[in-house]
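Chain and residue survey
The primary structure of each chain is shown beneath.
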Amino acid sequence: MSEIDERADALYDSAYIAGMKAGWNFAVDNDSAGMQAAIAARDGYLKVLAQPRFPQTYCSQCGRELGPGNEGVSSCGDHK
Ligand SMILES: [Zn+2]
């Protein structure tokens, strides 16, 4: 794992812990509306995760274009 990966993982963990703390505080305050508002404030920011990472992917063996996706394939046996 590269240093960049380790730093990214640490940032994800840091954000996760911050979210856990924020969620805990909403629960302690019995503030369901506040929690829903906090979640709604991030609405739309996760859309990018639902989109394919690359507009075009390929087969490394034959070079065929396989369309949008997160990764290509290594051999023809992995596509139609
Ligand atoms: Zn192929």
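Residues numbered from 1 in each chain as written. Predicted model: local features only at pLDDT ≥ 70, side-chain atom pairs only at ≥ 80, totals over all residues. Heavy atoms only, no water.

Side note on the overall build of the protein
- Per the secondary structure count, the protein includes 3 helices and 2 strands.
- Put simply, the protein runs from its N terminus to its C terminus through helices and strands in the order α-α-α-β-β.
- Its C-alpha atoms give the protein a radius of gyration of 20 Å, clearly above 12 Å, the size a compact globule of 80 residues would have.
- Taken over the C-alpha atoms alone, the protein extends approximately 60 × 30 × 20 Å along its principal axes.
- Counting all 80 residues of the protein, 10% fall into the buried class.
- Only carbon and sulfur atoms are counted for the fraction: they give 56% of the accessible area of the protein, which is about 7,000 Å².
- Placing the 7 positive and 11 negative side-chain charges of the protein at their respective mean positions leaves the two points 7 Å apart. (Helix = DSSP H or I, 4+ residues; strand = E, 2+ residues; numbered from the N terminus. Rg over C-alpha atoms; globule rule 2.2 N^0.38 Å. Buried < 20%, exposed > 50% of the residue type's maximum accessible area, 1.4 Å probe, protein only. Areas by Shrake-Rupley, 256 points an atom, 1.4 Å probe, with all protein chains shown as cover. Lys, Arg positive; Asp, Glu negative; His and termini not counted. Charge placed at Lys NZ, Arg CZ, Asp CG, Glu CD.)

Description of a negative patch on the surface
- Where like charges cluster on the molecular surface, the negative patch consists of Glu3, Asp5, Glu6, Asp9 and Asp13.
- The residue aspartate 9 is located in helix H1 (residues 3–28) in this model. (Patch = residues over 30% accessible without salt bridge, like charges linked within 9 Å, V, L, I, M, F, W, Y side chains within 5 Å. Salt bridge = Lys/Arg side-chain N within 4 Å of Asp/Glu carboxyl O.)

Describing the side chain of threonine 57
- Position of threonine 57 among the secondary structure elements: in strand S1 (residues 54–58).
- Among residues more than four places away in sequence, those in contact with threonine 57 are Arg64, Glu65, Leu66, Gly67, Pro68, Gly69, Glu71 and Gly72. (Contact = heavy atoms within 4.5 Å.)

Digging into the coordination of the zinc ion
- Coordination of the zinc ion by the protein involves Cys59 (SG), Cys62 (SG), Cys76 (SG) and His79 (NE2), with metal-donor separations of 2.1 to 2.3 Å.
- Around the zinc ion, the 4 donor atoms are arranged such that angles at the metal cover 103 to 118°; this shape is classified as tetrahedral.
- Each donor residue of the zinc ion belongs to the same chain, with the gaps between them written as C-x2-C-x13-C-x2-H. With a gap of 17 residues between them, cysteine 62 in the loop between S1 and strand S2 (65–69) and histidine 79 in the segment after S2 connect regions that are remote in the sequence.
- On the basis of relative accessibility, which here comes to 17%, the residue histidine 79 falls in the buried class. (Donors = N, O, S within 2.8 Å, 3.2 Å for Na, K, Ca; no water. Tetrahedral: all angles 85-135°; square planar, octahedral: opposite > 155°, others 65-115°.)

What to know about H1
- Its 26 residues place the ends of H1 37 Å apart at the C-alpha level, agreeing with the 38 Å of an ideal helix rising 1.5 Å per residue.
- Positioned one or two residues after H1, asparagine 30 has a phi angle of 50°, which is positive. (Expected span 1.5 Å × (residues − 1).)

Here's the deal with the pairing of S2
- Where S1 lies against S2, 3 bridges are found, and the strand directions are antiparallel. Its bridge partner being in S2, phenylalanine 54 is matched across the sheet by glycine 69.
- Hairpin remark: S1 followed by S2, antiparallel, with 6 residues in the connecting loop; positive phi at glycine 63, about 85°. (Pairing = 2+ DSSP bridges.)

Concerning unusual backbone geometry
- Even without a glycine there, the phi angle at asparagine 30 is positive, about 50°.
- Position of asparagine 30 among the secondary structure elements: in the loop between H1 and helix H2 (32–40).

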